[in-house]
Amino acid sequence: MPRSPAVSSSRPALLDYFRGAVADLKHRPPGNVPALDVLRSLAILLVFSGHIAGEFHASHRISRIPLFYWGWTGVDLFFVLSGLLIGTQLWKEVQLTGTVRIGTFLLRRGLRIWPLYFSFVALLYLEVLFLGRRFSGLLADTFFLSNYFHCQIGGGWSLSTEEQFYIVAPVCIWLAARLKFRRLGWLPVLGLLVPIVIRILYRIFSSLSPAALKQYFYSPIHTHSDALAIGVLFAWLAVYRADLVRSRRFRLVASTVMFVVGAALYVTSQLLFNFTALALVFGSATFFSMGLNPSPRILNWHGFYLISRLSYGVYLNHFGLLPKMHDLLGTWGDGGGVGFWIAYLLSFCASMAIAFVTFQLIEWPFLKLRSQWMKTRRSERVLKATPMHEKLAT
C-alpha cells in the first residue's frame, strides 16, 4: 500500500533551517495587526531608553522626557501584549477542541523562547569556567526563578515571570475546561484580582516599610502579573466576543474607561495599585489597537514590524551591550547634548544588529523547526481523523 502523502514529508537539510530569516523580516505575516507592532516597538524603546539614560548619565532635562522617565514601565506593556498573544492561542484551542494540550503548548512556546535565552545562559557558564565570572545566581537563571532569587541575566526577572505564566495559564484554563465551567471569562478576572489582594494583605500584615514593600512587589509573579491577566482577558474577548472587539465604539468607550480607572487607581495608591494602573492604561491602548485592521498608514511603517520582530533579542542583549558602548564612547555621550543622542542612536542600532544576527543564527532555525513540527502534528491529526477506507484508497 502506498504511503500517505500526509506523513511522507522530506526532512530539510540542516542549512535549510537557516534560510528565510531575511524574508521573514521583510514581509509581515498574514493576520498581523500593525498597531500591535507599534506597541511592541514602544515597549522595547521604553525599556531601552530607561536603561541608556542611567548608563550614560542623562541630564535631568532628558530624564524627564516620558520615553525615559517611564522607561521602567515598558515591561508591563510587554506583559499585556504577551497575555494577549498567549491567551489567544489558548482560548482558540479551547474553542476548537474543548481542552488545552499543555505539553504541546509548552514545547511550542519553548522553541520560541528557550534557544536564545539559554544561549545567553550558556555564555555566562562559559565565562564562569574560563573568565572567572561568579557562579552565584546562575541557577536561578537556568531554572527561570530570577524573579525570586539573585540572578545574572539582565531582565531575567521578567522572562522568569513570563515562563511561569506559560505554565500557570494553560494549567488553569485546562483545569477549568476539564471541570466543565460554563463561563471561562472569569479566569483572567480572577487572575487580575489575585495580585491586588496579595499586595493588600502584605500591606496589612507585613512589618516592611512602604519603600521596602514597593521594592519587594516588583519582581515576583504573585505580586506583579496584573498586565498578563489583562492581556488574557482581551484574548478571551477576541475569541468569544469578537463582535465587541470589531466595534470601534465599544473599543473607544472601554479603552477610555480603562484609562480613567487606571489613572484613578494610580492616584489612590501607587504602592497597592501601581501595576494594576499600568495594566489598565497600557491595556486601554492595546484593546483599542486590536481592532485597527487595516491600520492607519502611519502605523504601517515597516520599521515598527522590524523592531517588534527583533525586540526579544534587543531586550536580552542591551543589558550587556550598553556598558560596553559606554566604555567605547567614554564620557562623550554623557549628559544631555548632541553626544547623548548620537550615543543613543549608535547603541540602539548596535543592539538591533546583534539581535538580527542572533535571530538569523539562533531564533530562526528553531522557529522553522517548530513550524515543521506543528505541520507534522496537524497532518497526523488529520490522518487519524480520516476514515479507514479513505486511507486505503490513498
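Once a new chain begins, its residue numbering starts again from 1 and follows that chain's sequence as written. In keeping with the predicted nature of the model, local features appear solely for residues at pLDDT of at least 70, side-chain atom pairs appear and are counted solely at 80 or more, and the whole-chain, interface and lining totals rest on all residues. The basis for the side-chain values is all heavy atoms of the structure; hydrogens and waters are excluded.

## Brief notes about helix 6 (residues 102-130)
Within an α-helix, residues lying three or four positions from one another point in the same direction, as the helix has 3.6 residues per turn. The criterion, for reference: Going along the chain from the N terminus, every DSSP run of H or I of four or more residues is numbered as a helix, and every run of E of two or more is numbered as a strand. For a helix, the expected span equals 1.5 Å multiplied by the number of residues minus one. What the bend at a residue measures is the angle between two axes, fitted to the seven residues ending there and to the seven starting there. Note on exposure labels: buried denotes an accessible area under 20% of the residue type's maximum, exposed denotes more than 50%, and partly exposed covers the range between, all computed with a 1.4 Å probe on protein chains only.
Counted at 1.5 Å a residue, the expected span for helix 6 with its 29 residues is 42 Å, and the 39 Å between its end C-alpha atoms agrees. The sharpest bend along helix 6 measures roughly 45 degrees and falls at Gly110. Residues of helix 6 that are buried include every one of Phe105, Arg109, Gly110, Leu111, Arg112, Ile113, Pro115, Leu116, Tyr117, Val121 and Leu124, and no others.

## Points about the packing of aromatic side chains
Two measures describe an aromatic ring pair: the distance that separates the ring centres and the angle between the ring planes. What counts, and what does not: The rule is short: rings of Phe, Tyr and Trp, with Trp giving its six-membered ring, pair when the centres are within 6.5 Å, and they are stacked under 30 degrees, edge-to-face over 60, tilted in between. Throughout this description, the term charge over a ring refers to an Arg CZ or Lys NZ atom that lies within 6 Å of the ring centre and within 35 degrees of the ring normal.
Scanning the entire structure with this criterion turns up 30 aromatic pairs. A ring pair is formed by Phe48 and Tyr344, whose centres lie 5.5 Å apart and whose planes are at 85 degrees; its orientation type is edge-to-face. Remark: Tyr344 occurs in helix 16 (residues 338-385) and Phe48 occurs in helix 2 (residues 34-55); sequence separation between them is 296 residues. Considering the side-chain rings of Phe165 and Tyr166, the 6.1 Å spacing of their centres and the 50 degrees angle between planes classify their relative orientation as tilted. By relative accessible area, which is 8% here, Phe165 ends up buried. By relative accessible area, Tyr166 is classed as buried at 3%. One Lys or Arg, Arg251, reaches over the ring of Phe288 and ends 5.0 Å from the middle of that ring.

## A closer look at the nonpolar core
Selection rule: Residues enter a nonpolar core if they are buried and are Ala, Val, Leu, Ile, Met, Phe, Trp, Tyr or Cys, with the set joined through side-chain atoms within 4.5 Å. The contact rule is simple, with two residues in contact once any of their heavy atoms fall within 4.5 Å.
Core analysis: the biggest nonpolar cluster contains 98 residues, and Ile52, Trp91, Tyr117, Phe165, Phe234 and Phe287 have the highest contact counts within it. Among residues more than four places away in sequence, those in contact with Tyr117 are Asp141, Phe144, Ser146, Ile153, Leu159, Tyr312 and Leu316.

## Re the environment of Ser284
To be explicit about the condition: Polar contacts here mean pairs of N or O atoms no more than 3.5 Å apart (in protein, one a potential hydrogen donor and the other a potential acceptor; neighbouring residues in sequence count only if both atoms are side-chain atoms).
With respect to the helices and strands, Ser284 occurs in helix 14 (residues 270-290). According to the relative accessible area criterion, Ser284 is buried, its value standing at 7%. On a C-alpha basis, the gap between Ser284 and Phe48 in space is 23 Å, while along the polypeptide they are 236 residues apart. Those residues in contact with Ser284, other than ones at most four positions away along the chain, are Ser255, Met258 and Phe259. Within the local environment of Ser284, its side chain forms a polar contact with the backbone oxygen of Val281, the two atoms lying 2.5 Å apart.

## Digging into unusual backbone geometry
Although it is not a glycine, Phe144 adopts a positive phi angle of roughly 55 degrees. Its place among the elements puts Phe144 in the loop between helix 7 (138-142) and helix 8 (156-178). Unlike most non-glycine residues, Lys180 shows phi in positive territory, near 65 degrees. Relative to the helices and strands, Lys180 is located in the loop between helix 8 and helix 9 (186-205).

## Focus: the environment of Arg248
By the element assignment, Arg248 lies in helix 13 (residues 248-268). Residue class for Arg248 comes out exposed when judged on its relative accessible area of 54%. The spacing of Arg248 and Gly291 is 43 residues in sequence and 7.2 Å in space, taken between C-alpha atoms. Those residues in contact with Arg248 that lie beyond four places of it in its chain are Phe288 and Leu292.

## Some points on the packing of helix 6 against helix 8
Two quantities define a packed helix pair, namely the angle between the axes and the distance from one axis to the other. Cut-off, in case you're wondering: As a rule, the C-alpha atoms of each element are fitted with a line to give its axis, helices using only the stretch in contact, and angles between N-to-C directions run from 0 to 180 degrees. Should an angle lie under 35 degrees it is considered roughly parallel, over 145 roughly antiparallel, and from 65 to 115 roughly perpendicular; all remaining angles are considered oblique. Side-chain classes are defined by residue name, with Ala, Val, Leu, Ile, Met, Phe, Trp, Tyr, Cys and Pro counting as nonpolar, Asp, Glu, Lys and Arg as charged, and the others, Gly among them, as polar.
At a closest axis distance of 10 Å, the pairing of helix 6 and helix 8 adopts a crossing angle of 170 degrees. Considering the angle they form, helix 6 stands roughly antiparallel to helix 8. For the pair formed by helix 6 and helix 8, the contact residues are Ile102, Phe105, Leu106, Arg109, Ile113, Trp114 and Tyr117 on the first element and Leu159, Glu163, Tyr166, Ile167, Pro170, Val171 and Trp174 on the second. A class-by-class count of the residues in the contact of helix 6 with helix 8 yields twelve nonpolar, no polar and two charged.

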